[in-house]
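Chain by chain, the residues:
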Amino acid sequence: MVDVVGVGLNATDTIIRIPHFPAFNSKVEFRSAEVLPGGQVASAMVACTKWGLDTRYVGKIGDDDAGQLQRREMQLAGVDAHWVVVPNCRSQTAFILVDEGSGERTILWKRDPRLELVPAEICRDWVLRSKLLHVDGHDCGAAAAAASWARGAGIPVLGDLDNVYPAVEALLQNVDYLIASRDFPGRMTGEPNLLNSLPEVARRFGCRVTAATLGADGVLAWDGLKFLYTPAFAVDSVDTTGAGDIFHAGFAYALIRGYRLPHALEFSCAAAALSCMAPGARGGIATLDQIDRLLQTGDRHPPAFSQEQLESLGAER
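In this report, the structure presented in the accompanying data block is examined.

Rules used in this analysis
Residues numbered from 1 in each chain as written. Predicted model: local features only at pLDDT ≥ 70, side-chain atom pairs only at ≥ 80, totals over all residues. Heavy atoms only, no water. Pairing = 2+ DSSP bridges. Helix = DSSP H or I, 4+ residues; strand = E, 2+ residues; numbered from the N terminus. Axes fitted to C-alpha atoms, helices over the stretch in contact; angles between N-to-C directions. Contact = heavy atoms within 4.5 Å. Salt bridge = Lys/Arg side-chain N within 4 Å of Asp/Glu carboxyl O. Buried < 20%, exposed > 50% of the residue type's maximum accessible area, 1.4 Å probe, protein only.

## Considerations on the sheet that holds strand β2 (residues 11-18)
(1) Moving on: Taken together, four strands build an open sheet; the order of strands is β3-β2-β6-β7 and the sheet is mixed. Edge strands, defined here as strands with exactly one partner in the open sheet, are β3 (32-38) and β7 (105-110). Strand-to-strand twist of the sheet, defined as the mean angle between neighbouring strand axes without regard to direction, takes the value 20°.
(2) Moving on: In this structure, strand β6 (residues 93-99) lies alongside β7, joined through six bridges in antiparallel fashion. Within β7, the position partnered with T93 by the bridge is K110.
(3) Moving on: Seen against the sheet, helix α2 (residues 65-77) touches β2, β3 and β6 and runs at an angle of roughly 60° to β3.

## Here we look at the pattern of salt bridges
(1) Moving on: Enumeration according to the criterion identifies 14 salt bridges in this entry.
(2) Moving on: Among the salt bridges present, the one from D3 reaches K131, with a minimum N-O distance of 3.2 Å. Here D3 is found in strand β1 (residues 2-7), whereas its partner K131 is found in strand β8 (residues 130-136), with 128 residues between them in sequence.
(3) Moving on: A relative accessible area of 46% places K131 in the partly exposed class.
(4) Moving on: For R182, the salt bridge is made with D217, and the minimal N-O distance between the two is 3.8 Å. In this pair, R182 sits in the loop between β10 (177-180) and α6 (184-189) while D217 sits in the loop between β11 (209-213) and β12 (219-222), placing the two residues 35 residues apart along the sequence.
(5) Moving on: For D217, a relative accessible area of 29% puts it in the partly exposed group.
(6) Moving on: Members of the salt-bridge network, linked through shared partners, are R151, D176 and R208.

Rendered as structure tokens:
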């Protein structure tokens, strides 16, 4: 039995630091290049383990050096990892250009179609012997099957979605806590305004909470009755790679520890902010003490929404 099981993406990232983003048809000398493990769900499971949770991960890799890196790093982190290995196949890789001035990144990625995880490759007990399931949408068939098993067993499901993948609707029907990218709710509903699209996604699919991470603007959530907004923490950003992954890890940790939703959003924002202070998706996973210190004393970015605005709009629902 584990606290959290993750079914989803892993990737091996080459982090390339550059002084500025290159113009078309130009040359830029890069500062450094480093190969590091990443991936949405995989990184979230490593963070949860670091914070003292028992975790399990289910994912697919090739039989190359990148796949070996993933296996080795999961083992070192203490995650109970179950791998499906594809022979003669390259694992998912990404080249990530990180602007040295802002820490913002641009991702170039490649994934062999054979790396798609399918339901038959997941043991049902891996999901059912957990207290929380965390999924992304990259392999919607597998994620939807796992979420359906979890729903049937009364296990809550946390979803990290950033694109409208094929069959994503089947997945969303069993997601309790949807924390998506800024644009995802609008793509699902055709309504670009989050103040309209977040409640609509919740109404359409029955999610307990729908939220969107907004980068430097923090996170906006709808709990079915009202909006909750948390401004982002202001830190010296080195690399934003994986910040969303660590936000989801923070939210998973908060759910397991029984935090109320406002505290869960605050904790997740703090964990995500601190993750930006080191290179790579997992290089900046902070300790619980560091997260607590930022919660107590950290500065914030200017809020994107006022409390009065959110209360007024929530009352109209």
